[in-house]
Amino acid sequence: MVDAAPAPKTHGGSFKDKDKPVEVRLSNIIAAKAVSDAVRTSLGPKGMDKMIKTSNGEVIITNDGATILKHMAVLHPAAKMLVDLSAAQDVEAGDGTTSVVVLAGSLLGAAQKMLNKGIHPTTIAESFQKASHKANEFLTDMATKLDLSDRESLLKSASTSLNSKIVSQYSGLFAPIAVDAVLRVIEPSTAVNVDLKDIRIVKKVGGTIDDTELVDGLVLAQNVVKSAGGPTRIEKAKIGLIQFQLSPPKPDMENQIIVNDYRQMDKILKEERQYLLNMVKKIKKSGCNVLFIQKSILRDAVNDLSLHFLAKLKIMVIKDIERDEIEFICKSTGCKPIADIDSFTEDKLGYADLIDEVSDVGSRVVKVTGVKHAGKTVSILCHGANSLVLEEAERSLHDALCVIRCLVKKKYLIAGGGAPEIEVSLRLQEYAKTLRGMEAHCFQAFSEALEVIPITLAENAGLNPIAIVTELRNRHALGETTAGINVRKGAITNILDENVIQPLLVSTSAIELAAETVKMLLKIDDLVQTR
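Residues numbered from 1 in each chain as written. Predicted model: local features only at pLDDT ≥ 70, side-chain atom pairs only at ≥ 80, totals over all residues. Heavy atoms only, no water.

Colleague: Can you help me understand the overall build of the chain in this one?
Modeller: Assigned secondary structure in the chain consists of 16 helices and 21 strands. The principal-axis extent of the C-alpha atoms belonging to the chain is close to 95 × 65 × 40 Å. Out of the 531 residues belonging to the chain, those deemed buried represent 50%. In the chain, 77% of the contacts between residues at least 6 apart in sequence involve partners at least 24 apart. Within the structure as shown, the chain displays about 25,600 Å² of accessible surface, and the carbon and sulfur contribution to it stands at 51%. (Helix = DSSP H or I, 4+ residues; strand = E, 2+ residues; numbered from the N terminus. Buried < 20%, exposed > 50% of the residue type's maximum accessible area, 1.4 Å probe, protein only. Contact = heavy atoms within 4.5 Å. Areas by Shrake-Rupley, 256 points an atom, 1.4 Å probe, with all protein chains shown as cover.)

Written as structure tokens, this is what we have:
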């Protein structure tokens, strides 16, 4: 990285320091490839996991590319672009976050070889962009149309995504949960997208991953307040969600009041009691029998006296509802958040058939079932023996949900196991023969760079990458478009017979985003740091 410096003196309209852009470009490529190599070993079903220790001492074990890169302390600006690339793939497709970075690293390696041959960076960047569009055309040709009523194919796609995760042995449990969760919150015949905010994953340490379940309704990690002896189970619940405090008001400024007369003290206590009693009576009058209280930072959300009154009136209380949970609760139960006691009316209440606090494998959760808007939202209650496993289970579930979302957005499937990359590579090589000049070279280099995915899959599975990829190329040349690497058998097989399939959107967005990032990196000819 260089500081802002005066421009070099020019002679005859050309730069005197011609080596500088070359050095900067080389530095960018080396930094970006270093990031790519760091996550490369995590690709595929036999990929390795990374243990990351964050700056605050937290330990994370994962093989999700986006998570690894997000927690890496990357300083080089070009390397940061690859971190952003992985995050962009996570937003766009949700899966393939490792593949996209490995692919970008391979394309940068190919670009470096062509730069050394004297090909201009703009030519390489634009040719790569065209090649990525052509590759996506070929991928679309190979893809199979999918109908969302084909549950079997949806399950296979979710399982393929889960097979490369730490929790791969639970893919038989997670895949149906992911498929059912998405299908419940959409209308399969008309849906073109899925809002994953309608699917909430609640994590609870305790039990094993086998105890994970899909709840048609709402699950709250907060417990029912039982200190005053209130109910823990309510049928035909009318739910009020309040954003004000059930505790005595406090002045805005920090003040101390000194009371020197016990009669005044008695009066203050009586007024406090009356104030709280009036609030609780208004709540009861509206017909509310379950109260959700938003977490407050100003003062106690609820105090012992108000809890006592609520318990006497048989109103269940759940406090410390987080701000980001409000929208989901409202959508699930049909309630509206209430900002002050005067607007606490019956029309703002939500409804549920049953609210019950259950003891679930060593931890207690509140389940709200029979909600008013059944089918609009679902919750997934995720269990794990410790927080490390639990966090990774949540990430894996999120990826599986994203895979199903990809199939809703773009209803096409392609084979996995490196099959599409080899097929596109061969087709691009054929197409490159019809081109002339530098563009043909660039297309050829792009097609060879795509082979990094099957090579990496073979390497990570402990196979001989040269022998495997050569055989894979031969099989595809003979017309076996679905031949791929079966890492479990250590051989080339028809990958569709092994049920390894993935959404088209994951592959197309990975190629497009990788080519776009490489184009941006090649167009940079100087790094200027400003203070």
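Colleague: Quick question: what am I supposed to make of the nonpolar core here?
Modeller: Soluble, globular proteins show a tendency: their nonpolar side chains are buried together. Ile124, Phe128, Leu428, Phe446 and Ile485 are the most contacted members of the largest nonpolar core, which totals 70 residues. Here this core gets ten residues from one element, more than from any other, and that element is helix H4 (residues 97–116). Contacts of Leu428, omitting those with residues within four sequence positions, involve Ala131, Lys134, Ala135, Phe138, Phe443, Phe446, Ser447 and Leu450. One finds Val185, Ala191, Leu407 and Leu413 within the second-largest nonpolar core, a separate group that totals 36 residues. (Core = buried A, V, L, I, M, F, W, Y, C linked by side-chain atoms within 4.5 Å.)

Colleague: Would you explain a nonpolar patch on the surface in this entry?
Modeller: Residues Met51, Val59 and Leu388 make up a contiguous nonpolar surface patch of about 260 Å² in total accessible area. Tracing the backbone through its elements, the reader meets Val59 in strand E5 (residues 59–62). Given the relative accessible area of 34%, Val59 is considered partly exposed. (Patch = residues over 30% accessible without salt bridge, like charges linked within 9 Å, V, L, I, M, F, W, Y side chains within 5 Å. Salt bridge = Lys/Arg side-chain N within 4 Å of Asp/Glu carboxyl O.)

Colleague: Help me out: how do you make sense of the pattern of salt bridges in this one?
Modeller: If charged atoms from side chains of opposite charge come close, those side chains can pair. Applying the stated rule across the entire model yields 26 salt bridges. The residue Lys282 makes a salt bridge to Asp342 at a minimum N-O spacing of 3.1 Å. Residue Lys282 is found in helix H8 (residues 262–285), and its partner Asp342 is found in the loop between strand E13 (337–338) and strand E14 (350–360); the two are separated by 60 residues along the sequence. Residue Lys282 is classed as partly exposed on the basis of its relative accessible area of 39%. Given the relative accessible area of 60%, Asp342 is considered exposed. One continuous salt-bridge network, built from bridges that share partners, spans Asp64, Lys165 and Asp399.

Colleague: When you look at helix H1 (residues 19–40) in this model, what are you seeing that I'm missing?
Modeller: Over its 22 residues, H1 runs 31 Å from end to end, which matches the ideal 32 Å to within 8%, given 1.5 Å per residue. Turning to H1, its buried residues number three or more, namely Val24, Arg25, Asn28, Ile29, Ala31, Ala32, Val35, Ser36 and Val39. The buried side chains of H1 occupy one side of the element, clustering within an arc of 165° when seen end-on. Exposed and facing more than 90 degrees away from the buried side of H1 are Asp19, Val22 and Glu23. (Expected span 1.5 Å × (residues − 1). Arc of directions from axis to C-beta.)

Colleague: I would appreciate a short explanation of the packing of aromatic side chains in the present structure.
Modeller: Any two aromatic rings considered together are summarised by their centre-to-centre distance and by the angle between their planes. Summed over the entire model, instances satisfying the criterion amount to two aromatic pairs. A ring pair is formed by Phe128 and Phe446, whose centres lie 5.5 Å apart and whose planes are at 70°; its orientation type is edge-to-face. Taken together, the positions of Phe128 in helix H5 (residues 121–142) and Phe446 in helix H13 (residues 438–449) put the pair 318 residues apart, joining distant regions of the chain. Given the relative accessible area of 0%, Phe128 is considered buried. For the ring pair Tyr431 and Phe443, a centre distance of 5.6 Å and an interplane angle of 45° mean the geometry is tilted. (Phe/Tyr/Trp six-rings, centres within 6.5 Å; stacked < 30°, edge-to-face > 60°.)

Colleague: Just checking my understanding: could you explain the sheet that holds strand E7 (residues 199–205) for this structure?
Modeller: What holds strands together in a sheet is hydrogen bonding between their backbones, with the strands either parallel or antiparallel. Reading across the sheet, the three strands line up as E7-E16-E8 and stay open at both edges, with mixed pairing between neighbours. Of all strands in the sheet, those with a lone pairing partner are E7 and strand E8 (213–215), marking the two edges. With strand direction ignored, the average angle separating the axes of adjacent strands in the sheet is 25°. Pairing geometry for E8 and strand E16 (residues 378–384), over three bridges, is antiparallel. Following the sheet pairing, Val215 is matched in E16 by Ser379. Across the sheet, helix H11 (residues 387–409) lies against E7 and E16, angled at about 165° from E7, the strand it touches most. (Pairing = 2+ DSSP bridges. Axes fitted to C-alpha atoms, helices over the stretch in contact; angles between N-to-C directions.)

Colleague: Is there a simple way to explain H8 in this structure?
Modeller: The first and last C-alpha atoms of H8 sit 34 Å apart over 24 residues, in line with the 34 Å expected at 1.5 Å per residue. Along H8, the residues that are buried comprise Leu276, Met279, Val280 and Ile283. For H8, the secondary structure elements touched by its buried residues are strand E11 (290–294) and helix H9 (304–312). Following H8 by one or two positions, Gly287 has its phi on the positive side, about 95°.

Colleague: How do you make sense of the sheet that holds strand E20 (residues 501–503) when you look at a structure like this?
Modeller: Strand order in the open sheet made by the three strands is E6-E17-E20, with antiparallel pairing throughout. Only two strands of the sheet have a single partner each, and these edge strands are strand E6 (144–145) and E20. In terms of strand pairing, strand E17 (residues 412–415) meets E20 through three bridges, oriented antiparallel. The residue bridging Ile414 from the neighbouring strand is Gln502, located in E20. The sheet strands contacting helix H6 (residues 151–162) are E17 and E20, and the helix crosses E20 at an angle near 95°.

Colleague: Could you clarify how one ought to interpret the side chain of Lys367 in this entry?
Modeller: Tracing the chain through its elements places Lys367 in strand E15 (residues 363–371). Those residues within four positions of Lys367 in sequence are excluded, and the remaining contacts are Glu213, Val215, Leu218, Val219, Leu354, Ile355, Asp356, Val358 and Leu381.

Colleague: Help me understand the pairing of E16 in this model?
Modeller: As a general feature of sheets, a regular strand has side chains that alternate between the two faces. Extensive coverage of E16 is indicated by the burial of seven of its seven residues. Residues Val378, Ile380, Cys382 and Gly384 line one face of E16 and the alternating positions Ser379, Leu381 and His383 line the opposite face, and both faces are buried. In the sheet, E7 pairs with E16 via seven bridges, with the strands oriented parallel. Bridged to Ile201 within E16 is Ile380.

Colleague: Sorry if this is basic, but what is going on with unusual backbone geometry here?
Modeller: For residues besides glycine, phi is generally negative; the peptide bonds are generally trans as well. For Lys236, which is not glycine, the phi torsion reads 50° and is therefore positive. Looking at the element boundaries, Lys236 is found in strand E10 (residues 233–242).

Colleague: Looking at this model, I keep getting lost on the side chain of Asn460. Mind explaining?
Modeller: Mapped onto the fold, Asn460 is located in helix H14 (residues 452–460). Taking the relative accessible area as the measure of exposure, Asn460 reaches 15% and is therefore buried. Of the polar contacts made by the side chain of Asn460, one reaches the backbone oxygen of Arg40; its length is 3.2 Å. With sequence-adjacent residues up to four places away left out, Asn460 is seen in contact with Arg40, Thr41, Ser42, Leu43, Lys46 and Gly47. (Polar contact = N/O pair within 3.5 Å; in protein donor to acceptor, adjacent residues only side chain to side chain.)

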